[in-house]
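# Coordinate analysis (summary)
If you want the building blocks of each chain, they are given just below.
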Amino acid sequence: MLNTDAHWLPFTPNRSFHQDPRIFVAAEGMHFTTHDGRQVLDGISSLWCVGAGHKRREINEAIKQQLDTLDYSTAFSASNDKAAETAQRIAELAPGDLNKVLFCTSGSEAVDTAMKLALAHHRARGEGHRNVFIGRERGYHGVGFGGMSVGGIPGNRKVFGTAMLPRVDHLRFIHDPLNHAYYNGVEPVWQEDLLLELENRIIPLHDASNIAAVIVEPVAGSAGWYVPPQGYLKRLREICDKHNILLIFDEVITGFGRLGVPFGADYFGVVPDMLTFAKCVTNGVIPMGGVICRSALYENLMLAHANSPAHAIEFAHGYTYSGHPVACAAAIATLNVYRDEQLFARAAEMGKMLGDAMHSALTGLPHVSSIRTLGLAGAVELASPVGQAGKRAYDVFIDCFHRGVMVRNAGDNVVLAPAYVVTKAQIERMVGTLAEAIRRVR
Ligand SMILES: Cc1ncc(COP(=O)(O)O)c(C=O)c1O
């Protein structure tokens with residue numbers, strides 16, 4: 001029997017976990033092997049990370065080769081060849097003039113990096129008073145103090161009180177349970193203009209001249225896959241432009257193919273000023289995150305230092321493992337796999353299949369109050385018993401796991417987000433198992 005006593009798991013009900021541990025000891029393709037020898041189908045590409053499926057030979061070979069060539073080198077005041085190549089590849093993949101890449105090792109760090117860069121940018125332009133950030137209700141931007149403050153998932157915030165950043169406001173959430181509870185592969189069309197609140201209340205309240213940036217996920221992922229109304233992100237871009245407010249897309253989940261194109265920015269046709277990424281970039285194999293910035297942000301900071309001495313650092317920020325050569329080797333190999341196997345296009349194709357399967361199998365089942373699918377991901381929402389928010393979704397997750405399918409519970413939602421290599425039969429199995437679990441849940 002495996003001893004899990006010393007292990008304190010993140011974002012996990014630990015008391016329950018240790019009574020019934022879920023431990024993986026191997027993975028291949030779409031499946032895990034558990035410590036007790038069972039096969040489990042990975043319905044969530046391991047927290048949205050493993051786009052190309054598990055244990056890809058090309059990626060593992062690149063890592064081994066890198067370890068035998070340059071294992072690690074300092075990230076400050078020197079770099080490595082793989083970091084430069086990875087930055088170039090990512091910049092080429094990103095839309096518009098998103099051309100400068102800052103590396104870190106997680107989504108939380110990417111968000112904090114983007115927020116700090118927003119402050120540095122405005123200060124360099126002589127507008128250091130721009131220090132208000134605007135996030136969105138139920139947004140998830142990681143667990144750093146910055147990301148937590150602009151984030152809007154109540155359970156992630158309630159314990160941390162005054163440690164939250166001051167001068168943060170939040171846009172309204174983007175869900176309409178009455179008129180748009182169900183949508184499949186499209187953005188819901190709202191009659192109401194959700195962003196009037198930004199223009200008429202939030203911006204005047206803080207004064208536009210004090211606002212540094214708005215940060216949103218193009219599709220709210222961790223909250224449970226909520227898609228913004230049609231035209232929302234374009235209008236958000238226009239409002240930000242009008243007031244010189246930076247727009248940050250947190251694409252930790254939507255980046256690198258989830259919507260069938262490289263980024264959410266491509267899908268929605270909107271170029272932000274900064275775009276954060278962290279999942280799928282290395283196929284989950286080695287941690288890596290980053291921020292892709294518009295050229296103008298970089299040039300602005302360099303210009304502000306035009307008269308500084310040559311040894312002056314323009315942006316005092318970074319991490320020891322920024323651009324780690326082994327992570328970068330994994331990223332290059334991953335991007336090659338995505339390109340050579342056209343996996344983003346496959347994500348789009350399989351996404352349609354997943355969306356259709358979820359809507360046809362889950363609509364009308366007990367407790368189901370909403371089904372939302374876009375790209376290769378979908379969520380089914382289950383009305384909770386009074387005073388027990390999230391219980392049914394959790395019970396469904398456990399039931400599915402025992403029947404060999406890994407799904408993700410997020411509040412009252414159960415989410416599917418498989419790897420891009422998923423097959424039709426695997427989608428049917430995931431959705432079928434989920435439907436059975438929903439039928440059983442009390
Ligand atoms: C949109 C978004 N931002 C940030 C993060 C935080 O990433 P990490 O857990 O790597 O810090 C996540 C994680 O799921 C995320 O979905």
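Keep in mind the model is a prediction, meaning the values are calculated, not measured.

The next point concerns the packing of helix 5 (residues 107–124) against helix 11 (residues 295–304). One can describe the packing of helix 5 onto helix 11 by two numbers: an axis separation of 9 Å at closest approach and a directional angle of 50°. Classified by the interaxial angle, the pair formed by helix 5 and helix 11 is oblique. Handedness of the helix 5/helix 11 crossing: left-handed. Note on element contacts: helix 11 touches helix 5 through L297, N300, L301 and A304, opposite L117, A120, H121 and A124.

Surveying the vicinity of the ligand reveals 14 residues, the closest of which are S106, G107, S108, G142 and V252. A total of 3 residues in the shell around the ligand trace back to one element, the largest contributor, which is helix 5. Class assignment of the residues belonging to the shell around the ligand gives a composition of 5 nonpolar, 7 polar and 2 charged.

Residue alternation in strand 10 (residues 274–277) divides its side chains into two sets, M274 and T276 and L275 and F277, and both sets are buried. Across 3 bridges, the pairing between strand 9 (residues 246–250) and strand 10 is parallel. Residue pairing in the sheet places D250 in a bridge with T276 of strand 10. Where strand 10 meets strand 11 (residues 289–294), 4 bridges bridge the pair, whose relative direction is antiparallel. Bridging from a neighbouring strand, F277 pairs with G290 of strand 11.

This paragraph deals with the packing of helix 14 (residues 391–402) against helix 15 (residues 424–440). Following both chains from N to C, one finds helix 14 and helix 15 inclined at 130°, their axes separated by 9 Å at the closest point. Overall, the two elements helix 14 and helix 15 adopt an arrangement that is oblique. Both helix 14 and helix 15 take part in a crossing whose hand is right-handed. Mapping the contact onto sequence places V396, D399 and C400 in helix 14 and T433, L434, A437, I438 and R440 in helix 15. A per-class count over the contact of helix 14 with helix 15 returns 5 nonpolar, 1 polar and 2 charged.

Note: interface size is frequently given as the accessible area lost on complex formation between the parts. The domain boundaries assigned to the chain delineate domain 1 (14–55 + 342–440) and domain 2 (62–340). Centre-to-centre, using C-alpha coordinates, domain 1 lies 26 Å away from domain 2. Listed as interface residues are 33 residues of domain 1 and, on the opposing side, 29 residues of domain 2. Listing elements by their share of the side of domain 1 that touches domain 2, those giving two or more residues are helix 2 (45–48), helix 13 (343–362), strand 12 (368–373), strand 13 (378–382) and strand 16 (413–416). Counting residues per element, the side of domain 1 that touches domain 2 draws most heavily on helix 13, at 10 residues. In terms of residue class, the side of domain 1 that touches domain 2 is made up of 17 nonpolar, 12 polar and 4 charged.

Cut-offs and rules
- Position labels on residues start from 1 in each chain and follow its written sequence.
- Per-residue local features of the predicted model are confined to residues with pLDDT of at least 70, and side-chain atom pairs are confined, for both listing and counting, to 80 or more; whole-chain, interface and lining totals are unaffected and use all residues.
- All axes are obtained by fitting lines to C-alpha atoms, using only the stretch in contact for helices, and the reported angles, taken between N-to-C directions, cover 0 to 180 degrees.
- Under the DSSP-based scheme used, a helix requires at least four consecutive residues in state H or I and a strand at least two consecutive residues in state E, with every element numbered from the N terminus.
- In what follows, roughly perpendicular refers to angles from 65 to 115 degrees, roughly parallel to angles under 35, roughly antiparallel to angles over 145, and oblique to any angle outside these ranges.
- For a crossing to be left-handed, the near helix must be turned anticlockwise from the far one by less than a right angle; the clockwise case is right-handed.
- For the purpose of contact definition, each residue receives a C-beta atom placed from its backbone, and two residues are in contact when these atoms lie within 7 Å.
- Near, as applied to residues and a molecule or strand, means the residue's backbone-placed C-beta atom lies within 6 Å of it.
- Each residue gets one label: Ala, Val, Leu, Ile, Met, Phe, Trp, Tyr, Cys and Pro are nonpolar, Asp, Glu, Lys and Arg are charged, and the others, such as Gly, are polar.
- Three exposure classes are used. Buried residues have 20 or more other C-beta atoms within 10 Å of their own C-beta, exposed residues have 12 or fewer, and partly exposed residues fall in between, all C-beta atoms being placed from the backbone.
- Strands are labelled as partners when DSSP assigns at least two bridges between them.
- Segmentation of the chain into domains, including their bounds, is taken from an automatic or database domain assignment.

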